[in-house]
Amino acid sequence: MTLGITWNEASARRLERQFLANPADEDTEVAEIVGAMLGAHAQVLSAAELSVGVRAVGVTRAGVRDALWGRRTLVKTYGPRGTVHLLPAAELPLWCAALPAVPSGASPFAAGVRVSEEQAREIVAAIGDALDGDALDGVCLTIDELSEEVVARVGSWAGDLVMPAFQGMWPRWRQVMHRAGQSGALCFGPDRGRKVTYTRPPRFTPMPAEEAVRELVRRYLRAYGPATPRGFAKWLAAGGGWAVELFGRLAGEGVIEEVVFEGEAGWWVVSGDTGFPEGGGAGGGGGGVRGVRLLPYFDAYGIAAQPRELLFPGDAYRRALARGQAGNYPVLLVDGVVAGVWHQRRRGRRMTVTVEPLGRLGASQERELLAQVERVGEVLEAEAELVVGEVAAGPHA
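Anyway, here's the lowdown on the structure attached to this text. The written sequence of each chain sets the order in which its residues are numbered from 1. Given that the model is predicted, a residue must reach a pLDDT of at least 70 before its local features are reported, and side-chain atom pairs must reach 80 or more before they are shown or counted; all residues, however, enter totals for whole chains, interfaces and linings. Water and hydrogen atoms were dropped before computing side-chain values, which therefore reflect all heavy atoms in the structure.

Quick look at the overall build of the chain
In this text, helices come from DSSP runs of H or I with a minimum length of four residues, and strands from runs of E with a minimum of two, each type numbered from the N-terminal end. Summing up its helical and strand segments, the chain has 15 helices and 16 strands in all. Only C-alpha atoms enter the radius of gyration; for comparison, a globular chain is expected to reach 2.2 Å times N to the power 0.38, where N is the number of residues. By the compact-globule yardstick of 21 Å for 397 residues, the chain fits well, its C-alpha radius of gyration being 22 Å. Principal-axis analysis of the C-alpha atoms gives the chain an extent of 65 × 55 × 40 Å. Working definition: with a 1.4 Å probe on protein chains only, accessible area under 20% of the residue-type maximum means buried, over 50% means exposed, and in between means partly exposed. In the chain, which comprises 397 residues, the proportion classed as buried is 54%. Only the protein chains shown count as cover for residues, with accessible areas throughout obtained via the Shrake-Rupley method and a probe of 1.4 Å. When the accessible surface of the chain is totalled, it reaches about 17400 Å², and 49% of it is carbon and sulfur.

Re the sheet that holds strand β1 (residues 4-5)
Two strands pair if DSSP finds at least two bridges between them. Reading across the sheet, the three strands line up as β1-β10-β11 and stay open at both edges, with mixed pairing between neighbours. With one partner strand each, in any of the chains shown, β1 and β11 (264-270) form the two edges of the open sheet. Pairing between β1 and strand β10 (residues 256-261): two bridges, direction parallel. Opposite Ile-5, over in β10, you have Phe-261 as the bridge partner. Any two residues whose heavy atoms approach within 4.5 Å at even a single point are treated as in contact. Working convention: axes come from line fits to C-alpha atoms, limited for helices to the stretch in contact. Angles between N-to-C directions cover 0 to 180 degrees. Sheet strands in contact with helix α9 (residues 209-224) are β10 and β11, and its direction is about 110° off that of β11.

A closer look at the pairing of strand β3 (residues 74-78)
Burial analysis of β3 places five of its five residues in the buried class, the great majority of the element. Across five bridges, the pairing between β3 and strand β4 (residues 84-88) is antiparallel. Each residue of the ladder has a partner; that of Val-75, found in β4, is Leu-87.

Quick notes on the side chain of Glu-215
Within the fold, Glu-215 resides in helix α9. Residue Glu-215 is classed as buried on the basis of its relative accessible area of 19%. Any N or O atom pair separated by 3.5 Å or less is treated as a polar contact, with the protein-specific requirement of one donor-capable and one acceptor-capable atom, and with residues adjacent in sequence counted only for side-chain atom pairs. A distance of 2.8 Å separates a polar atom in the side chain of Glu-215 from a polar atom in the side chain of Arg-218. Non-local contacts of Glu-215, meaning those with residues more than four positions away in its chain, are made with Leu-94 and Arg-222.

Comments concerning the packing of aromatic side chains
What counts as a ring pair is set by centres within 6.5 Å for rings of Phe, Tyr and Trp (its six-membered ring), and what kind of pair is set by the plane angle: stacked under 30 degrees, edge-to-face over 60, tilted for all other angles. Evaluated as defined, the whole model comprises ten aromatic pairs. Seen in terms of ring centroids, Tyr-220 and Trp-235 are 4.9 Å apart; in terms of plane orientation they differ by 35°. Their pairing is tilted. Highlighted residues: Tyr-220 in helix α9 and Trp-235 in helix α10 (residues 229-236), separated in sequence by 15 residues. For the residue pair Tyr-220 and Trp-235, the accessibility class agrees, reading buried in each case. Consider the rings of Phe-232 and Phe-247, whose centres lie 5.7 Å apart with planes at 50°: the pair is tilted.

Re the nonpolar core
Within soluble globular proteins, side chains that are nonpolar generally end up buried alongside one another. The term nonpolar core refers to a set of buried residues drawn from Ala, Val, Leu, Ile, Met, Phe, Trp, Tyr and Cys, joined through side-chain atoms within 4.5 Å. If you look at the biggest cluster of nonpolar residues, it comprises 126 residues, and the most contacted ones within it are Leu-86, Phe-232 and Trp-235. The biggest single contributor to this core is α9, with eight residues. Core analysis: the second largest hydrophobic core is formed by five residues, Val-75, Ala-89, Leu-92 and Cys-96 among them.

Things to note about the pattern of salt bridges
Pairing is possible between side chains of opposite charge, provided their charged atoms come close. Salt bridge, as applied in this entry: a Lys or Arg side-chain nitrogen positioned within 4 Å of an Asp or Glu carboxyl oxygen. What the rule picks out here adds up to 21 salt bridges. Measuring nitrogen to oxygen at the nearest pair gives 3.4 Å for the salt bridge that ties Arg-219 to Glu-91. Remark: Glu-91 occurs in the loop between β4 and α5 (92-101) and Arg-219 occurs in helix α9; sequence separation between them is 128 residues. The residues Arg-219 and Glu-91 share a single accessibility class, namely buried.

Section: the pairing of β11
Here β10 pairs with β11 via five bridges, running antiparallel. Along β11, the bridge assignment pairs Glu-257 with Val-269. Between the antiparallel neighbours β10 and β11 lie two residues, among them Glu-262 with a positive phi of about 55°.

As for the environment of Pro-201
Relative to the helices and strands, Pro-201 resides in the loop between β9 (195-199) and α9. Taking relative accessible area as the criterion, Pro-201 reaches 4% and is therefore assigned buried. A C-alpha to C-alpha distance of 40 Å links Pro-201 and Phe-261, two positions 60 residues apart in sequence.

Here's the deal with helix α7 (residues 143-154)
Here the expected length of a helix is defined as 1.5 Å per residue gap, with one fewer gap than residues. Between its terminal C-alpha atoms α7 stretches 16 Å, which fits the 16 Å expected from twelve residues at 1.5 Å a residue. For α7, every residue scored as buried is listed here: Leu-146, Ser-147, Val-150 and Val-154. For α7, the angular spread of the buried residues around the axis is 105°, confining them to a single face. Of the residues in α7, the exposed ones pointing more than 90 degrees away from the buried face are Asp-144, Glu-148 and Ala-152. For α7, the elements touching its buried residues are α6 (117-130), β5 (141-142), β7 (169-171) and β9. Phi turns positive, to about 125°, at Gly-155, one or two residues after α7. This arc corresponds to the set of directions leading from the helix axis out to the C-beta atoms.

Points about helix α3 (residues 45-53)
Burial runs high along α3: eight of the nine residues are buried. Turning to α3, its buried residues are Leu-45, Ala-47, Ala-48, Glu-49, Leu-50, Ser-51, Val-52 and Gly-53. Packed against the buried residues of α3 are α2 (30-37), β2 (40-41), α4 (61-70), β4, β14 (337-347) and α15 (363-379).

See below:
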(Lines give C-alpha, C1' and ligand atoms only; values in the text may rest on other atoms or scores of the structure.)
Protein backbone atom coordinates (compact mmCIF):
# COMPACT_ATOMS: atom_id res chain seq x y z
CA MET A 1 0.00 0.00 0.00
CA THR A 2 1.40 3.40 -1.01
CA LEU A 3 1.97 5.78 1.89
CA GLY A 4 -0.20 8.91 1.91
CA ILE A 5 1.32 12.15 3.23
CA THR A 6 -0.34 15.50 3.91
CA TRP A 7 1.11 18.96 3.49
CA ASN A 8 1.05 19.44 7.27
CA GLU A 9 3.14 16.31 7.81
CA ALA A 10 5.64 17.14 5.07
CA SER A 11 5.93 20.74 6.22
CA ALA A 12 6.57 19.70 9.82
CA ARG A 13 9.36 17.31 8.81
CA ARG A 14 11.00 19.82 6.49
CA LEU A 15 10.97 22.49 9.20
CA GLU A 16 12.50 20.10 11.70
CA ARG A 17 15.25 18.95 9.34
CA GLN A 18 15.98 22.55 8.37
CA PHE A 19 16.47 23.63 12.02
CA LEU A 20 13.50 25.95 11.56
CA ALA A 21 11.19 24.17 14.00
CA ASN A 22 13.91 24.13 16.67
CA PRO A 23 17.19 26.01 16.13
CA ALA A 24 20.41 24.02 16.38
CA ASP A 25 22.14 24.19 19.74
CA GLU A 26 25.43 25.95 20.37
CA ASP A 27 27.45 22.74 19.90
CA THR A 28 26.25 22.27 16.31
CA GLU A 29 28.85 23.19 13.72
CA VAL A 30 27.93 25.92 11.24
CA ALA A 31 28.93 23.58 8.40
CA GLU A 32 26.42 20.99 9.62
CA ILE A 33 23.62 23.54 9.41
CA VAL A 34 24.65 24.55 5.90
CA GLY A 35 24.82 20.88 4.94
CA ALA A 36 21.26 20.31 6.15
CA MET A 37 20.12 23.20 3.95
CA LEU A 38 21.98 21.77 0.93
CA GLY A 39 23.88 25.02 0.71
CA ALA A 40 23.17 28.62 1.68
CA HIS A 41 22.62 31.01 -1.22
CA ALA A 42 25.39 33.60 -0.90
CA GLN A 43 25.20 36.00 -3.83
CA VAL A 44 24.64 38.50 -1.01
CA LEU A 45 26.76 37.19 1.85
CA SER A 46 24.66 38.85 4.57
CA ALA A 47 21.64 36.84 3.36
CA ALA A 48 23.61 33.60 3.72
CA GLU A 49 24.78 34.66 7.17
CA LEU A 50 21.18 35.30 8.17
CA SER A 51 19.97 31.99 6.68
CA VAL A 52 22.45 30.18 8.92
CA GLY A 53 21.97 32.41 11.95
CA VAL A 54 18.20 32.03 12.22
CA ARG A 55 18.70 28.25 12.32
CA ALA A 56 21.09 28.21 15.28
CA VAL A 57 21.38 29.47 18.83
CA GLY A 58 24.10 32.05 19.32
CA VAL A 59 25.47 32.09 15.76
CA THR A 60 26.21 35.52 14.30
CA ARG A 61 27.72 36.68 11.04
CA ALA A 62 31.14 36.56 12.74
CA GLY A 63 30.71 32.82 13.36
CA VAL A 64 29.77 32.20 9.73
CA ARG A 65 32.74 34.22 8.49
CA ASP A 66 35.08 32.39 10.85
CA ALA A 67 33.87 29.07 9.41
CA LEU A 68 34.40 30.49 5.92
CA TRP A 69 37.69 32.39 6.16
CA GLY A 70 39.15 31.21 9.47
CA ARG A 71 38.54 27.52 10.08
CA ARG A 72 37.60 26.99 6.41
CA THR A 73 34.90 24.46 7.17
CA LEU A 74 32.78 26.36 4.63
CA VAL A 75 33.58 27.28 1.04
CA LYS A 76 31.97 30.07 -0.97
CA THR A 77 31.63 28.86 -4.53
CA TYR A 78 29.24 28.18 -7.39
CA GLY A 79 26.65 25.61 -6.34
CA PRO A 80 23.15 24.57 -7.45
CA ARG A 81 21.77 26.49 -10.43
CA GLY A 82 25.25 27.91 -11.04
CA THR A 83 24.64 30.51 -8.32
CA VAL A 84 26.96 31.48 -5.48
CA HIS A 85 26.49 29.33 -2.36
CA LEU A 86 28.18 28.49 0.90
CA LEU A 87 28.89 24.75 0.96
CA PRO A 88 30.57 22.57 3.61
CA ALA A 89 34.21 22.05 2.62
CA ALA A 90 33.92 18.39 3.64
CA GLU A 91 31.14 17.92 1.06
CA LEU A 92 33.08 19.19 -1.96
CA PRO A 93 33.78 15.60 -3.12
CA LEU A 94 30.00 15.21 -3.48
CA TRP A 95 29.11 18.59 -4.97
CA CYS A 96 32.04 18.81 -7.38
CA ALA A 97 31.23 15.38 -8.78
CA ALA A 98 27.44 15.71 -8.92
CA LEU A 99 27.07 19.22 -10.36
CA PRO A 100 29.29 18.70 -13.45
CA ALA A 101 27.33 15.49 -14.12
CA VAL A 102 24.05 17.41 -14.47
CA PRO A 103 23.37 17.96 -18.20
CA SER A 104 23.48 21.64 -19.10
CA GLY A 105 20.99 23.28 -21.39
CA ALA A 106 21.70 25.20 -24.56
CA SER A 107 24.09 28.11 -24.17
CA PRO A 108 22.26 31.43 -23.65
CA PHE A 109 25.02 33.26 -25.53
CA ALA A 110 25.05 34.16 -29.22
CA ALA A 111 27.08 32.02 -31.61
CA GLY A 112 29.88 34.56 -31.81
CA VAL A 113 30.16 34.75 -28.03
CA ARG A 114 29.85 31.20 -26.75
CA VAL A 115 32.75 28.83 -26.25
CA SER A 116 32.97 25.25 -27.44
CA GLU A 117 33.10 22.31 -25.05
CA GLU A 118 36.81 21.93 -25.71
CA GLN A 119 37.42 25.63 -25.05
CA ALA A 120 35.39 25.44 -21.83
CA ARG A 121 37.58 22.60 -20.59
CA GLU A 122 40.72 24.59 -21.48
CA ILE A 123 39.46 27.59 -19.53
CA VAL A 124 38.56 25.56 -16.45
CA ALA A 125 41.99 23.91 -16.49
CA ALA A 126 43.66 27.31 -16.88
CA ILE A 127 41.73 28.70 -13.92
CA GLY A 128 42.79 25.75 -11.79
CA ASP A 129 46.43 26.19 -12.81
CA ALA A 130 46.35 29.92 -12.11
CA LEU A 131 44.94 29.32 -8.62
CA ASP A 132 47.12 26.32 -7.85
CA GLY A 133 47.37 26.05 -4.09
CA ASP A 134 44.78 27.45 -1.73
CA ALA A 135 44.06 30.57 0.27
CA LEU A 136 46.23 29.34 3.15
CA ASP A 137 49.16 29.44 0.71
CA GLY A 138 48.28 32.97 -0.33
CA VAL A 139 47.14 32.31 -3.93
CA CYS A 140 44.25 34.76 -4.18
CA LEU A 141 43.65 36.71 -7.38
CA THR A 142 41.24 39.49 -8.25
CA ILE A 143 39.08 39.05 -11.31
CA ASP A 144 41.44 41.19 -13.40
CA GLU A 145 44.48 39.24 -12.23
CA LEU A 146 42.75 35.96 -12.91
CA SER A 147 41.73 37.17 -16.36
CA GLU A 148 45.35 37.95 -17.24
CA GLU A 149 46.41 34.47 -16.11
CA VAL A 150 43.69 32.71 -18.09
CA VAL A 151 44.41 34.63 -21.29
CA ALA A 152 48.13 33.96 -20.90
CA ARG A 153 47.44 30.23 -20.69
CA VAL A 154 44.81 29.68 -23.40
CA GLY A 155 45.18 32.58 -25.81
CA SER A 156 43.83 36.03 -26.58
CA TRP A 157 40.44 34.67 -27.76
CA ALA A 158 39.52 34.00 -24.11
CA GLY A 159 39.95 37.69 -23.31
CA ASP A 160 37.73 39.04 -26.12
CA LEU A 161 35.28 41.52 -24.60
CA VAL A 162 32.10 39.97 -25.98
CA MET A 163 29.83 39.41 -22.96
CA PRO A 164 27.41 42.25 -22.09
CA ALA A 165 27.90 43.21 -18.43
CA PHE A 166 26.54 45.83 -16.05
CA GLN A 167 28.34 48.86 -17.47
CA GLY A 168 30.58 47.39 -20.11
CA MET A 169 31.70 44.07 -21.56
CA TRP A 170 33.24 41.02 -19.92
CA PRO A 171 35.87 38.72 -21.46
CA ARG A 172 34.69 35.55 -23.14
CA TRP A 173 36.17 33.17 -20.54
CA ARG A 174 33.89 34.39 -17.76
CA GLN A 175 30.89 32.52 -19.18
CA VAL A 176 32.27 29.29 -17.71
CA MET A 177 33.32 30.69 -14.33
CA HIS A 178 30.47 28.88 -12.60
CA ARG A 179 31.63 25.65 -14.20
CA ALA A 180 35.11 26.14 -12.72
CA GLY A 181 33.54 26.56 -9.30
CA GLN A 182 31.28 23.54 -9.65
CA SER A 183 34.23 21.36 -10.66
CA GLY A 184 36.46 22.47 -7.78
CA ALA A 185 38.93 24.55 -9.78
CA LEU A 186 37.88 27.81 -8.14
CA CYS A 187 36.20 29.28 -5.08
CA PHE A 188 35.97 32.73 -3.54
CA GLY A 189 38.76 34.01 -1.35
CA PRO A 190 38.72 36.77 1.27
CA ASP A 191 38.05 40.24 -0.11
CA ARG A 192 41.09 42.39 -0.77
CA GLY A 193 39.78 45.74 0.35
CA ARG A 194 36.74 46.30 -1.85
CA LYS A 195 37.83 43.75 -4.42
CA VAL A 196 36.60 40.15 -4.59
CA THR A 197 39.31 37.52 -4.84
CA TYR A 198 39.34 33.93 -6.06
CA THR A 199 41.36 31.00 -4.89
CA ARG A 200 41.34 27.23 -5.10
CA PRO A 201 39.43 25.20 -2.49
CA PRO A 202 41.16 22.65 -0.24
CA ARG A 203 42.32 19.61 -2.16
CA PHE A 204 39.91 16.70 -2.40
CA THR A 205 39.14 13.63 -4.47
CA PRO A 206 35.72 13.80 -6.16
CA MET A 207 33.29 10.92 -5.72
CA PRO A 208 32.40 8.85 -8.78
CA ALA A 209 29.89 10.96 -10.70
CA GLU A 210 27.05 8.42 -10.74
CA GLU A 211 27.40 7.79 -7.01
CA ALA A 212 27.44 11.54 -6.34
CA VAL A 213 24.25 12.20 -8.30
CA ARG A 214 22.52 9.33 -6.50
CA GLU A 215 23.60 10.74 -3.13
CA LEU A 216 22.48 14.25 -4.09
CA VAL A 217 18.98 12.93 -4.85
CA ARG A 218 18.91 11.19 -1.47
CA ARG A 219 20.10 14.34 0.31
CA TYR A 220 17.52 16.47 -1.47
CA LEU A 221 14.66 14.09 -0.65
CA ARG A 222 15.69 13.82 3.00
CA ALA A 223 15.74 17.58 3.34
CA TYR A 224 12.78 18.58 1.17
CA GLY A 225 10.83 15.43 0.31
CA PRO A 226 8.35 14.37 -0.75
CA ALA A 227 9.40 15.80 -4.09
CA THR A 228 8.84 15.20 -7.77
CA PRO A 229 11.55 14.76 -10.40
CA ARG A 230 10.58 18.10 -11.90
CA GLY A 231 10.86 19.79 -8.50
CA PHE A 232 14.37 18.39 -8.16
CA ALA A 233 15.19 19.57 -11.68
CA LYS A 234 13.88 23.07 -10.91
CA TRP A 235 16.06 23.25 -7.80
CA LEU A 236 19.13 22.29 -9.86
CA ALA A 237 18.15 24.24 -13.02
CA ALA A 238 18.38 20.93 -14.88
CA GLY A 239 16.27 19.36 -17.60
CA GLY A 240 12.98 17.85 -16.49
CA GLY A 241 13.33 14.85 -18.79
CA TRP A 242 16.75 14.02 -17.34
CA ALA A 243 15.34 14.14 -13.81
CA VAL A 244 12.37 11.93 -14.68
CA GLU A 245 14.71 9.34 -16.17
CA LEU A 246 17.02 9.58 -13.15
CA PHE A 247 14.21 9.07 -10.63
CA GLY A 248 12.92 6.13 -12.64
CA ARG A 249 16.33 4.49 -12.56
CA LEU A 250 16.74 5.09 -8.81
CA ALA A 251 13.27 3.72 -8.16
CA GLY A 252 14.24 0.57 -10.06
CA GLU A 253 17.34 0.25 -7.87
CA GLY A 254 15.27 0.63 -4.71
CA VAL A 255 16.99 3.89 -3.72
CA ILE A 256 13.75 5.88 -3.61
CA GLU A 257 10.09 5.00 -3.20
CA GLU A 258 6.89 6.61 -4.39
CA VAL A 259 4.34 8.15 -2.03
CA VAL A 260 1.00 9.89 -2.42
CA PHE A 261 1.25 13.54 -1.40
CA GLU A 262 -1.92 15.53 -0.86
CA GLY A 263 -3.80 12.84 -2.79
CA GLU A 264 -1.46 12.97 -5.78
CA ALA A 265 0.87 10.18 -6.92
CA GLY A 266 4.31 10.76 -8.41
CA TRP A 267 6.03 12.12 -5.30
CA TRP A 268 9.14 10.48 -3.88
CA VAL A 269 11.07 9.95 -0.67
CA VAL A 270 14.24 8.00 0.14
CA SER A 271 13.37 4.32 0.56
CA GLY A 272 12.56 3.64 4.19
CA ASP A 273 12.54 7.33 5.13
CA THR A 274 8.79 7.36 5.68
CA GLY A 275 8.50 8.68 9.22
CA PHE A 276 6.61 11.97 9.41
CA PRO A 277 5.35 13.98 12.39
CA GLU A 278 1.63 13.67 12.87
CA GLY A 279 -0.36 16.23 10.92
CA GLY A 280 -3.01 18.31 12.47
CA GLY A 281 -2.23 21.97 11.92
CA ALA A 282 -5.15 24.19 11.01
CA GLY A 283 -5.33 26.28 7.89
CA GLY A 284 -2.62 24.47 5.96
CA GLY A 285 0.01 25.16 8.60
CA GLY A 286 3.02 23.25 9.75
CA GLY A 287 1.48 20.04 11.08
CA GLY A 288 1.93 20.82 14.76
CA VAL A 289 4.96 23.07 14.15
CA ARG A 290 3.81 26.49 15.23
CA GLY A 291 5.73 29.72 15.15
CA VAL A 292 6.89 32.80 13.33
CA ARG A 293 10.12 32.92 11.34
CA LEU A 294 11.84 35.53 9.18
CA LEU A 295 13.79 34.12 6.22
CA PRO A 296 16.10 36.27 4.04
CA TYR A 297 16.50 36.56 0.29
CA PHE A 298 16.86 33.22 -1.48
CA ASP A 299 16.66 31.16 1.68
CA ALA A 300 17.01 27.46 0.88
CA TYR A 301 13.63 26.53 2.40
CA GLY A 302 11.64 28.88 0.20
CA ILE A 303 13.58 27.86 -2.92
CA ALA A 304 13.47 24.08 -2.54
CA ALA A 305 10.20 23.18 -0.79
CA GLN A 306 7.37 22.21 -3.13
CA PRO A 307 4.60 22.56 -4.19
CA ARG A 308 5.03 26.30 -4.29
CA GLU A 309 1.29 27.06 -4.26
CA LEU A 310 0.98 25.42 -0.82
CA LEU A 311 4.09 27.08 0.60
CA PHE A 312 2.89 30.43 -0.80
CA PRO A 313 -0.88 30.14 -0.32
CA GLY A 314 -3.43 32.69 -1.48
CA ASP A 315 -2.17 36.27 -1.56
CA ALA A 316 1.36 35.11 -0.70
CA TYR A 317 1.75 33.66 -4.19
CA ARG A 318 1.15 37.10 -5.67
CA ARG A 319 2.97 39.17 -3.06
CA ALA A 320 6.04 37.10 -2.16
CA LEU A 321 7.01 35.66 -5.54
CA ALA A 322 8.38 37.42 -8.60
CA ARG A 323 6.66 35.89 -11.64
CA GLY A 324 6.48 32.61 -9.77
CA GLN A 325 10.15 32.69 -8.74
CA ALA A 326 10.91 32.29 -5.05
CA GLY A 327 13.66 34.11 -3.19
CA ASN A 328 13.34 37.63 -4.51
CA TYR A 329 11.60 38.78 -1.32
CA PRO A 330 12.54 37.98 2.27
CA VAL A 331 9.52 36.18 3.70
CA LEU A 332 7.56 35.91 6.91
CA LEU A 333 6.69 32.30 7.77
CA VAL A 334 3.74 31.66 10.06
CA ASP A 335 3.15 28.02 11.02
CA GLY A 336 5.29 26.86 8.12
CA VAL A 337 3.74 28.82 5.26
CA VAL A 338 4.56 32.21 3.78
CA ALA A 339 2.34 34.85 5.35
CA GLY A 340 4.09 38.09 4.46
CA VAL A 341 7.24 39.84 3.29
CA TRP A 342 9.81 42.00 5.02
CA HIS A 343 12.73 44.31 4.36
CA GLN A 344 15.59 45.64 6.44
CA ARG A 345 17.34 48.98 6.19
CA ARG A 346 20.58 49.53 8.09
CA ARG A 347 22.21 52.75 9.23
CA GLY A 348 25.42 52.06 11.09
CA ARG A 349 24.64 49.92 14.11
CA ARG A 350 20.89 50.49 13.87
CA MET A 351 18.52 48.52 11.67
CA THR A 352 14.84 48.99 10.86
CA VAL A 353 13.00 45.79 9.96
CA THR A 354 9.69 46.47 8.18
CA VAL A 355 7.34 43.48 8.14
CA GLU A 356 4.22 43.33 5.98
CA PRO A 357 1.93 40.52 7.21
CA LEU A 358 -0.75 39.40 4.77
CA GLY A 359 -3.18 38.67 7.57
CA ARG A 360 -3.78 39.58 11.17
CA LEU A 361 -1.27 38.28 13.69
CA GLY A 362 -2.37 37.23 17.15
CA ALA A 363 -0.81 38.67 20.28
CA SER A 364 1.52 35.71 20.79
CA GLN A 365 2.57 35.83 17.13
CA GLU A 366 3.35 39.53 17.45
CA ARG A 367 5.62 38.74 20.41
CA GLU A 368 7.32 36.01 18.39
CA LEU A 369 7.77 38.41 15.49
CA LEU A 370 9.46 40.94 17.76
CA ALA A 371 11.79 38.21 19.03
CA GLN A 372 12.59 37.22 15.44
CA VAL A 373 13.44 40.82 14.56
CA GLU A 374 15.74 40.99 17.56
CA ARG A 375 17.36 37.75 16.41
CA VAL A 376 17.93 39.22 12.93
CA GLY A 377 19.71 42.11 14.61
CA GLU A 378 21.85 39.75 16.70
CA VAL A 379 22.92 37.71 13.67
CA LEU A 380 23.83 40.82 11.66
CA GLU A 381 25.34 42.50 14.73
CA ALA A 382 22.98 45.45 14.79
CA GLU A 383 20.29 46.93 17.02
CA ALA A 384 17.03 46.09 15.24
CA GLU A 385 13.64 47.70 15.63
CA LEU A 386 10.34 46.40 14.22
CA VAL A 387 7.97 48.38 12.05
CA VAL A 388 4.76 46.67 10.92
CA GLY A 389 3.59 48.12 7.63
CA GLU A 390 3.80 47.99 3.87
CA VAL A 391 7.11 47.01 2.33
CA ALA A 392 7.75 49.51 -0.42
CA ALA A 393 10.98 47.92 -1.70
CA GLY A 394 10.74 45.84 -4.85
CA PRO A 395 12.10 42.34 -5.40
CA HIS A 396 15.73 41.78 -4.48
CA ALA A 397 16.04 45.39 -3.26
